[in-house]
Amino acid sequence: MTGVPAAAAGGASGARRPAAGAAPGVPGSAVGRTAARSAEGGTSGTGHGASGSGAVVGAGSDGAGVEAPGEDKGARGGKLTAAAVNQASVWNIANLLTMLRLVLVPAFVALMLADGGYDPAWRALAWAAFAIAMITDIFDGHLARTYNLVTDFGKIADPIADKAIMGAALICLSALGDLPWWVTGVILGRELGITLLRFIVIRYGVIPASRGGKLKTLTQGVAVGMYVLALTGWLATLRWWVMAAAVVLTVVTGLDYVKQAIVLRRRGIAERKAALEEKEA
């Protein structure tokens, strides 16, 4: 039909067709008003009605929907549950063994110094406490790695428990005159120094534990355990040689850790410099 504006024709046909994405029976103007209100509220294409689900979700420009109010509560509940699980995981078998070692430290000192520190019976009980602490040191780390029981508490408490029981034994032996103070100073100085060195170079990487370090720990434990016992005769001579081997391993592995730390730091600095130059280029 000639003489009729195209806009008028389009408007007539548009009135008969509902807007795209509108629910059946909802006028196009109502859909437009709903979309406008939704856009003003920061949510595109979403409206709330009195349907049975409690929410009406429409198609927006990006086709994304909006979560129902109940979903926020579910998310918060999931976070609380996850936090509870993480908190409960602290009380695992590996951490309990670490806590046992910490408790054994004052018990060992009390047994070691009981009755002047020279009673063979009390020294035997002190050796039992020391042996339990050293054995649990082997198992707690293995259990944590094998069964994924590694926690922040274990990372902090485990090395503290290791240094505490060994340091307590060495200081007690030197205070009683059974072990020269310079031996205690070398062993404890090395342990504290390497621990500090690890923290200094941790920004560049982690210094892995070596076989020499594990052998050093074993030798130290055997030597200190033999000194805790009131041994005489050839066993007393044997423990002197075992302690000498422990001191040698302590010094050698300590120097090896220092070397690794220097190499690790240089490599880290070189990598950072190369990355900075590449970024500037």
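Data block above holds the structure.
Residues numbered from 1 in each chain as written. Predicted model: local features only at pLDDT ≥ 70, side-chain atom pairs only at ≥ 80, totals over all residues. Heavy atoms only, no water.

*Asks:* How should the overall build of the protein chain be read in this particular structure?
*Replies:* A tally of helices and strands in the protein chain yields nine helices and two strands. Walking the protein chain from its N terminus toward its C terminus, one meets helices and strands in the order α-α-β-β-α-α-α-α-α-α-α. Taken over 281 residues, the protein chain has a buried fraction of 30%. Once local pairs closer than 6 in sequence are excluded, the contacts in the protein chain between residues at least 24 apart make up 67%. On the protein chain, roughly 17,800 Å² of surface is accessible, and the fraction owed to carbon and sulfur atoms is 67%. (Helix = DSSP H or I, 4+ residues; strand = E, 2+ residues; numbered from the N terminus. Buried < 20%, exposed > 50% of the residue type's maximum accessible area, 1.4 Å probe, protein only. Contact = heavy atoms within 4.5 Å. Areas by Shrake-Rupley, 256 points an atom, 1.4 Å probe, with all protein chains shown as cover.)

*Asks:* Is there a simple way to think about the packing of helix 5 (residues 120-146) against helix 6 (residues 152-175) in this case?
*Replies:* Where helix 5 meets helix 6, the closest approach of the two axes is 11 Å, and the angle between their N-to-C directions is 155°. One way to sum up the angle between helix 5 and helix 6 is to call them roughly antiparallel. The chirality of how helix 5 crosses helix 6 is left-handed. Residue-level inspection shows Arg123, Phe130, Ala133, Met134, Asp137 and Asp140 of helix 5 in contact with helix 6, the latter providing Asp158, Asp162, Ile165, Met166, Ala169 and Leu173. Residues of the contact of helix 5 with helix 6, tallied by class, amount to seven nonpolar, no polar and five charged. (Axes fitted to C-alpha atoms, helices over the stretch in contact; angles between N-to-C directions. Parallel < 35°, antiparallel > 145°, perpendicular 65-115°, else oblique. Left-handed = near helix turned anticlockwise from the far one by under 90°. Nonpolar A, V, L, I, M, F, W, Y, C, P; charged D, E, K, R; others polar.)

*Asks:* Looking at this structure, I do not really get a positive patch on the surface. What am I missing?
*Replies:* Positive charge collects at one region of the surface, where Arg203, Arg265, Arg266 and Arg272 lie side by side. Within the fold, Arg203 resides in the loop between helix 7 (181-201) and helix 8 (211-228). For Arg203, a relative accessible area of 58% gives the class exposed. (Patch = residues over 30% accessible without salt bridge, like charges linked within 9 Å, V, L, I, M, F, W, Y side chains within 5 Å. Salt bridge = Lys/Arg side-chain N within 4 Å of Asp/Glu carboxyl O. Lys, Arg positive; Asp, Glu negative; His and termini not counted. Charge placed at Lys NZ, Arg CZ, Asp CG, Glu CD.)

*Asks:* Before we go on, may I ask you to explain the packing of aromatic side chains in this structure?
*Replies:* How two aromatic rings sit relative to each other is set out by the distance from centre to centre and by the angle between their planes. All told, the structure shown has two aromatic pairs when counted by the stated rule. On the basis of an interplanar angle of 45° and a centroid distance of 6.0 Å, the ring pair of Phe108 and Phe130 is categorised as tilted. Taken as a pair, Phe108 in helix 4 (residues 93-113) and Phe130 in helix 5 lie far apart in primary sequence, 22 residues in all. Each member of the pair, Phe108 as well as Phe130, is classed as buried. Measuring from ring centre to ring centre gives 4.9 Å for Trp240 and Trp241, while their planes differ by 85°; the resulting arrangement is edge-to-face. You can call Trp241 exposed: its relative accessible area is 56%. When the ring centre of Tyr227 is taken as reference, the NZ or CZ atom of Arg239 above it lies at 4.5 Å. (Phe/Tyr/Trp six-rings, centres within 6.5 Å; stacked < 30°, edge-to-face > 60°. Lys NZ or Arg CZ within 6 Å of the ring centre and 35° of its normal.)

*Asks:* Is there a simple way to explain the side chain of Thr136 in this structure?
*Replies:* Relative to the elements of secondary structure, Thr136 occurs in helix 5. Take Thr136: its relative accessible area is 9%, and that puts it in the buried class. One polar contact links the side chain of Thr136 to the main-chain carbonyl oxygen of Ala133, over a distance of 2.8 Å. Excluding its chain neighbours within four sequence positions, the residues that come into contact with Thr136 are Leu97, Leu100 and Arg101. (Polar contact = N/O pair within 3.5 Å; in protein donor to acceptor, adjacent residues only side chain to side chain.)

*Asks:* Would you explain unusual backbone geometry in this entry?
*Replies:* Glycine aside, residues mostly have negative phi angles, and peptide bonds mostly take the trans form. A positive phi angle, near 55°, is found at Asp115, a position not held by glycine. Of note in the backbone geometry, Asn148 takes a positive phi value of approximately 55° without being a glycine.

*Asks:* It is not clear to me how the environment of Gly254 should be interpreted in this structure. Could you clarify?
*Replies:* Looking at the element boundaries, Gly254 is found in helix 9 (residues 234-280). Sequence spacing of Gly254 and Gly193 is 61 residues, and the spatial spacing of their C-alpha atoms is 8.5 Å. Once you skip the residues sitting within four places of it in the chain, Gly254 turns out to touch Arg190 and Ile194.

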